[in-house]
Amino acid sequence: MRLNTRLRLALAPLALFMAFPALSQTDTYSVADFDKVRKFDAHVHVNVKDAAFLEQARADNFEILSINVDYPAFPSVADQAAAAHQFHKADPQHFHYAATFSMKGFGQAGWAKATNAYLDSEFKQGALAVKVWKNVGMVERDAANRLIFIDDKGFVPVFKHLTLKKIPLIAHQGEPRNCWLPVEQMTTNNDKAYFSNHPEYHMYLHPEMPSYESLMTRRDHMVAANPKLRVVGAHMASLEWSVVEAAKFLDAHPNAVIELAARIAQIQYQSVRDYKKVRDFFIRYQDRIMYGTDLTLNPGDDAQGFKKVAHDYWLSDWTYLATAETQRVADIDANARGLALPKSVIDKIYFTNAKREFFKK
């Protein structure tokens, strides 16, 4: 009897990636197939009531999951939710959303009960998941001015509530590992530029703040402590720098999956150096990876101009993941050959995994 994918992976040695046969062109998609294949972007932010984002998603054959975030640079959580409600009602086939919650009052009596009540109201309006952001662990503090971490006991009633409701938790803890490295050791040009221009956010310069390793340990402790909670590791679970480490995370936590939002360049950095290792990772964990981008449309942005930005971003990622085409990647100053993942793998990463995770009850 043929082993199913999950069992086969459980039997594979952790440190080894399997060898896979060469594929013919009929086994893989082409660039021309891009708009013909159903796709799901599991991580975007539609923070305005302008329909441009949704229009482009339809044009490129995408469903999208817009994630609300308690982020000061975004509109208020209420405004984000209002936009989500509008688009979900208008086009529930293509537009989906994840709710979030405020940390205001955390640690005080009644916070968890009020938070669960608010989330229930969002679920009734269509929210498919809940996002917890990196402010937990890096910004939010308790009454004693101590940082609040994701494994704090104050979250237990909320995570239990999500588990009972069978609602996934989208967890974004920490930053890219580059944030804790000297600029000259960072692997992507976008990180080098950002942290050079924003030293206040460059954790290498702030040893008083938690280390990257401590944040990952706290996150892993939370995932392990809630084995029936479905956890989505946002931004490749902040393990974008190493497919080996991402594999260890997935092996250790069968209740977790990961998505790729805003981390393709770090993956390309690895595949330029060890193409087979990266490609084999995607095939081995084909049931536990979802496509996402972090594309964002905010108030004041050029909504019509955004359409081209989104299309070009989506097409570039498709070219890398689905085809064998080579493209120049400015963020790593290198040419990256496409992984040419089999059609069956692409269909999972780009669509069926997200449908399973967010619509399973």
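The structure displayed is predicted, hence computed values, not measured ones.

1. Looking at the sheet that holds strand S3 (residues 95-100)
Reasoning step 1: In spatial order, the strands read S8-S7-S6-S5-S4-S3-S2-S1-S9; together these 9 strands make up an open sheet with parallel pairing. Of all strands in the sheet, those with a lone pairing partner are strand S8 (289-290) and strand S9 (295-297), marking the two edges.
Reasoning step 2: Examined bridge by bridge, strand S4 (residues 129-132) and strand S5 (residues 169-171) share 3 bridges and lie parallel to one another. Its bridge partner lying in S5, valine 132 is registered against alanine 171.

2. Things to note about helix H10 (residues 243-252)
Reasoning step 1: Restricting attention to buried positions, one finds in H10 the residues Val243, Ala246, Ala247, Phe249 and Leu250. The arc that holds the buried residues of H10, viewed along the axis, is 160 degrees, so those residues lie on one side.
Reasoning step 2: For H10, the secondary structure elements touched by its buried residues are helix H8 (212-225), helix H9 (234-237), strand S7 (256-259), helix H11 (264-273) and helix H12 (275-284).

3. Topic: the side chain of histidine 85
Reasoning step 1: Here histidine 85 lies in helix H3 (residues 77-90).
Reasoning step 2: Looking at histidine 85, the relative accessible area reads 15%, which means it is buried.
Reasoning step 3: Within the local environment of histidine 85, its side chain forms a polar contact with the side chain of tyrosine 97, the two groups lying 3.2 Å apart.
Reasoning step 4: Apart from the residues within four sequence positions on either side, histidine 85 is in contact with Tyr97, Glu122 and Gln125.

4. Notes on unusual backbone geometry
Reasoning step 1: Unusually for a residue other than glycine, asparagine 61 sits at a positive phi of about 65 degrees.
Reasoning step 2: Relative to the assigned elements, asparagine 61 resides in the loop between helix H2 (52-59) and strand S2 (62-67).
Reasoning step 3: Positioned with a positive phi, histidine 235 is a non-glycine residue whose angle comes to about 55 degrees.
Reasoning step 4: Relative to the assigned elements, histidine 235 resides in helix H9.

5. Section: the confidence of the model for the protein chain
Reasoning step 1: Scored by pLDDT, the protein chain has a mean of 93; 93% of the residues are at 70 or more.
Reasoning step 2: Confidence drops under a pLDDT of 50 for residues 1-21, and excluding neighbours within four residues, the segment shows 36 contacts in the predicted structure.

6. Topic: the packing of H2 against helix H13 (residues 303-322)
Reasoning step 1: In the contact formed by H2 and H13, the axes pass within 9 Å of each other and the chain directions differ by 35 degrees. Seen along the crossing, H2 lies across H13 with a hand that is right-handed. Side by side, H2 and H13 meet where Ala52, Phe53, Glu55, Gln56 and Ala57 of the first sit next to Ala303, Gln304, Phe306, Lys307, Ala310, His311 and Trp314 of the second.
Reasoning step 2: Of the residues that constitute the contact of H2 with H13, the class distribution is 7 nonpolar, 3 polar and 2 charged.

7. Quick look at the packing of H11 against H12
Reasoning step 1: At a closest axis distance of 5 Å, the pairing of H11 and H12 adopts a crossing angle of 130 degrees. Comparing their axes, H12 and H11 come out oblique. In contact with Ile267, Gln270, Ser271 and Arg273 of H11, H12 contributes Tyr275, Val278 and Phe282.

8. Description of the nonpolar core
Reasoning step 1: Counting residues in each nonpolar core, the largest one holds 94 residues, and the members touching the most others are Phe281, Phe282, Trp314 and Leu321.
Reasoning step 2: Ranked by residue count, the leading element in this core is H13, at 8 residues.
Reasoning step 3: Once you skip the residues sitting within four places of it in the chain, phenylalanine 282 turns out to touch Leu260, Ile267, Ile289, Leu321, Leu339, Leu341, Val345 and Ile349.

9. With respect to the packing of aromatic side chains
Reasoning step 1: Considering all chains together, one arrives at 24 aromatic pairs under this definition.
Reasoning step 2: An angle of 45 degrees between the planes, with centres 4.7 Å apart, marks the rings of tyrosine 71 and tryptophan 133 as tilted. Here the residue tyrosine 71 occupies a position in the loop between S2 and H3, and tryptophan 133 occupies one in the loop between S4 and helix H5 (135-138), the gap between them amounting to 62 residues.
Reasoning step 3: When its relative accessible area of 32% is taken as the criterion, tyrosine 71 is described as partly exposed.
Reasoning step 4: Centroid distance phenylalanine 101 to tryptophan 111: 5.7 Å. Interplanar angle 80 degrees. Geometry classified as edge-to-face. Of this pair, phenylalanine 101 sits in the loop between S3 and helix H4 (111-124) while tryptophan 111 sits in helix H4; the two residues are 10 residues apart in sequence, bridging distant segments of the chain. Accessibility assignment for this pair places phenylalanine 101 and tryptophan 111 in one class, buried.
Reasoning step 5: Following the ring pairs from residue to residue traces out a cluster consisting of Tyr29, Phe34, Phe53, Phe62, Tyr291, Phe306, Trp314, Trp318 and Tyr350.
Reasoning step 6: A cation over a ring is seen here: lysine 39 above phenylalanine 34, with NZ or CZ 4.4 Å from the ring centre.
Reasoning step 7: The lysine or arginine in question, arginine 337, covers the ring of tyrosine 275, its NZ or CZ lying 3.6 Å from the ring centre.

10. Brief notes about the environment of tyrosine 118
Reasoning step 1: Looking at the element boundaries, tyrosine 118 is found in helix H4.
Reasoning step 2: Remark: the alpha-carbon pair of tyrosine 118 and alanine 261, spanning 143 residues in sequence, is separated by 27 Å.
Reasoning step 3: Leave out the neighbours within four places in its chain, and tyrosine 118 touches Val77, Ala81 and Thr100.

Basis of the calculations
Residues numbered from 1 in each chain as written. Predicted model: local features only at pLDDT ≥ 70, side-chain atom pairs only at ≥ 80, totals over all residues. Heavy atoms only, no water. Pairing = 2+ DSSP bridges. Helix = DSSP H or I, 4+ residues; strand = E, 2+ residues; numbered from the N terminus. Buried < 20%, exposed > 50% of the residue type's maximum accessible area, 1.4 Å probe, protein only. Arc of directions from axis to C-beta. Contact = heavy atoms within 4.5 Å. Polar contact = N/O pair within 3.5 Å; in protein donor to acceptor, adjacent residues only side chain to side chain. pLDDT = per-residue confidence, 0-100. Axes fitted to C-alpha atoms, helices over the stretch in contact; angles between N-to-C directions. Left-handed = near helix turned anticlockwise from the far one by under 90°. Nonpolar A, V, L, I, M, F, W, Y, C, P; charged D, E, K, R; others polar. Parallel < 35°, antiparallel > 145°, perpendicular 65-115°, else oblique. Core = buried A, V, L, I, M, F, W, Y, C linked by side-chain atoms within 4.5 Å. Phe/Tyr/Trp six-rings, centres within 6.5 Å; stacked < 30°, edge-to-face > 60°. Lys NZ or Arg CZ within 6 Å of the ring centre and 35° of its normal.

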